[in-house]
Amino acid sequence: MGNQQQHPIGIFDSGLGGITVLRALYRQLPQESIIYFADTARLPYGDRSPEELIQYVREILTWMEAQGVKMVVMACNTSSAIALDVIRSEFKTPVLGLILPGARGAVSQGKRIGVIATQATVNSGAYQNAILEASPEAAVWQMPCPEFVPLIEANRINDPHTKRIVQKRLQPLLEQGIDTLVYGCTHYRHLSGVIQSILPSHVTCVDPAEYVVNATEQELELMGWKNPQPPLPTRFAVSGCPDQFAQSAKGWLGYQPLVEQVDLKTLTVNSSPLSITNG
Ligand code: DGL
């Protein structure tokens, strides 16, 4: 594979959720260059079938490899739950998913574990299986929250309606007496202010993003692939509208990114002339 150290890490999500993983990477691995891909033309992933999701992730990995990434981190639980095993068997590039690191993180925090996730992730049972494998005496309750991603993508975090929906989704988990809550979708961490205003203080929140970044660091060390040089600016690409993503991402990043549009089918890239960057 040649000298991989200075190659970027590729991360992807359906939309804005992966920014929670990006921020964890910035904190823990600030020297790494990163390519962020958001499949905004096909969002939300949570309603998609396993066949569709596997095909989307296949296309994203093909594009990522063409960009010369040294490693891919799935910044999307739905893709990790459905597509990780198939994709690992098809591509040479190391690929990390969120489920196993997230499940290990959860059992290190508590025994009565609630998981909020997309419908597709809940249907896969991936978190439940991984948590019970890591700790057979744990109890797990899953809750699909299909309203959350559209509300986050529409920037409706602070709407009273959003708080009511979050309350409704958390209530059944709270009735089970959970001591731990897993953000089983990367978007949901953007709602942490609302979620924590509803949760009793004895419930610990677990963000799998923190744990997948630990796993990424270990993998880079193992391979001798940590970047010794200063990083390049993060490269952002989307399958939908670049300007819309640039505008929405700005609030979460603190700067307006330059965003390219990628057609995954033809692997062509058009830069957005309207976006500016200072990051
Ligand atoms: N943020 C993704 C996840 O972690 C996908 C959410 C969606 O598009 O439904 O599952």
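Because the structure is a prediction, the values reported are computed rather than measured. (Residues numbered from 1 in each chain as written. Predicted model: local features only at pLDDT ≥ 70, side-chain atom pairs only at ≥ 80, totals over all residues. Heavy atoms only, no water.)

**Here we look at the overall build of the protein**
- Of regular secondary structure, the protein possesses 11 helices and 11 strands.
- Considering only contacts in the protein between residues 6 or more positions apart, those separated by 24 or more positions represent 72%.
- Accessible area for the protein stands at about 11700 Å²; split by element, carbon and sulfur atoms hold 50% of it.
- When the 21 basic and 25 acidic side-chain charges of the protein are each reduced to a single mean position, those positions are 4 Å apart. (Helix = DSSP H or I, 4+ residues; strand = E, 2+ residues; numbered from the N terminus. Contact = heavy atoms within 4.5 Å. Areas by Shrake-Rupley, 256 points an atom, 1.4 Å probe, with all protein chains shown as cover. Lys, Arg positive; Asp, Glu negative; His and termini not counted. Charge placed at Lys NZ, Arg CZ, Asp CG, Glu CD.)

**Examining the side chain of threonine 118**
- By the secondary structure assignment, threonine 118 is in the loop between β5 (112-117) and α5 (119-124).
- Within the structure, the side chain of threonine 118 is placed 2.9 Å from the side chain of threonine 78, a separation counted as a polar contact.
- If we ignore the near neighbours within four places in the chain, the residues touching threonine 118 are Gly46, Thr78, Cys185 and Tyr188. (Polar contact = N/O pair within 3.5 Å; in protein donor to acceptor, adjacent residues only side chain to side chain.)

**Comments concerning the nonpolar core**
- In terms of nonpolar packing, the biggest core is built from 73 residues, with Ile11, Phe12, Phe37, Ile131 and Phe245 touching the most fellow members.
- Residue contributions to this core peak at 8 residues, all from helix α2 (residues 50-66).
- Leaving out residues up to four positions away in the same chain, isoleucine 11 has contacts with Gly18, Leu22, Leu25, Ile34, Ile35, Tyr36, Phe37, Met64, Val73 and Ala75.
- Judged by nonpolar contacts, the second largest core, of 23 residues, contains Leu173, Ile178, Leu191 and Leu199. (Core = buried A, V, L, I, M, F, W, Y, C linked by side-chain atoms within 4.5 Å. Buried < 20%, exposed > 50% of the residue type's maximum accessible area, 1.4 Å probe, protein only.)

**What to know about the layout of surface pockets**
- Reported here for the largest pocket is a volume of approximately 410 Å³.
- Lining the largest pocket are 19 residues; nearest its centre among them are Leu84, Arg88, Ile99, Leu100 and Pro101.
- The set of elements that each furnish at least two residues to the lining of the largest pocket consists of α3 (77-90), α4 (99-107) and α10 (208-223).
- The greatest single-element share of the lining of the largest pocket, amounting to 7 residues, is contributed by α3. (1 Å grid on protein atoms, 1.4 Å probe; cavity = no way out; pocket = protein on both sides within 12 Å on 5 of 7 lines; lining within 4 Å. Points joined across faces, edges and corners; volume = space filled by probe spheres on them.)

**A short note on the side chain of aspartate 13**
- In this fold, aspartate 13 is placed in strand β1 (residues 9-13).
- Look at aspartate 13: it is buried, it has no salt bridge, and the nearest opposite charge is arginine 23 at 12 Å.
- A polar atom in the side chain of aspartate 13 sits 3.0 Å from the backbone nitrogen of glycine 17.
- Not counting the four nearest positions on each side in its chain, aspartate 13 is found in contact with Gly18, Tyr36, Phe37, Ala38, Asp39, Ala75, Cys76, Thr186 and His187. (Salt bridge = Lys/Arg side-chain N within 4 Å of Asp/Glu carboxyl O.)

**A word on the site of the ligand**
- If you check the shell around the ligand, you find 13 residues, and the closest are Ser14, Tyr45, Asn77, Thr78 and His187.
- Within the side chain of threonine 78, a nitrogen or oxygen atom sits 2.5 Å from an oxygen atom of the ligand.
- For the ligand, an oxygen atom lies 2.9 Å from a polar atom in the backbone of threonine 186.
- Under a 2 Å grid-point criterion requiring more than half of the atoms, the pocket assigned to the ligand is the largest cavity.
- Of the residues that constitute the shell around the ligand, the class distribution is 5 nonpolar, 7 polar and 1 charged. (Near = heavy atom within 4 Å. Sits in = over half its atoms within 2 Å of the grid points. Nonpolar A, V, L, I, M, F, W, Y, C, P; charged D, E, K, R; others polar.)

**Regarding the packing of helix α1 (residues 19-28) against α10**
- For the pair α1 and α10, the least separation of the axes is 9 Å and the interaxial angle reads 50°. Compared by their axis directions, α1 and α10 come out oblique. In this structure, the crossing between α1 and α10 has a hand that is right-handed. The segment α1 lies against α10, with Thr20, Val21, Ala24, Leu25, Arg27 and Gln28 engaging Ala209, Glu210, Val212, Val213, Asn214, Thr216 and Glu217.
- Class assignment for the residues of the contact of α1 with α10 results in 6 nonpolar, 4 polar and 3 charged. (Axes fitted to C-alpha atoms, helices over the stretch in contact; angles between N-to-C directions. Parallel < 35°, antiparallel > 145°, perpendicular 65-115°, else oblique. Left-handed = near helix turned anticlockwise from the far one by under 90°.)

**Here we look at the environment of isoleucine 195**
- With respect to the element layout, isoleucine 195 can be found in helix α9 (residues 192-198).
- With 17 residues separating them in the primary sequence, isoleucine 195 and isoleucine 178 have C-alpha atoms 14 Å apart.
- Once residues within four sequence positions are removed from consideration, isoleucine 195 is found in contact with Ile116, Val166, Leu170, Leu181, Tyr183 and Tyr188.

**Some remarks on the pairing of strand β7 (residues 180-183)**
- Burial along β7 is two-sided: Thr180 and Val182 and Leu181 and Tyr183, pointing in opposite directions, are all buried.
- Sheet topology places β5 next to β7; 4 bridges connect them, and they run parallel. When the sheet's bridge partners are listed, isoleucine 113 is paired in β7 with threonine 180.
- The sheet contact formed by β7 and strand β8 (residues 204-206) spans 3 bridges and is parallel. Counted as the bridge partner of valine 182 is valine 206 from β8.
- Taken together, β7, α9 and β8 constitute a β-α-β crossover, and its handedness is right-handed. (Pairing = 2+ DSSP bridges. Right-handed = clockwise from strand over helix to strand, strands pointing away.)

Nothing here speaks to function; it is all geometry.
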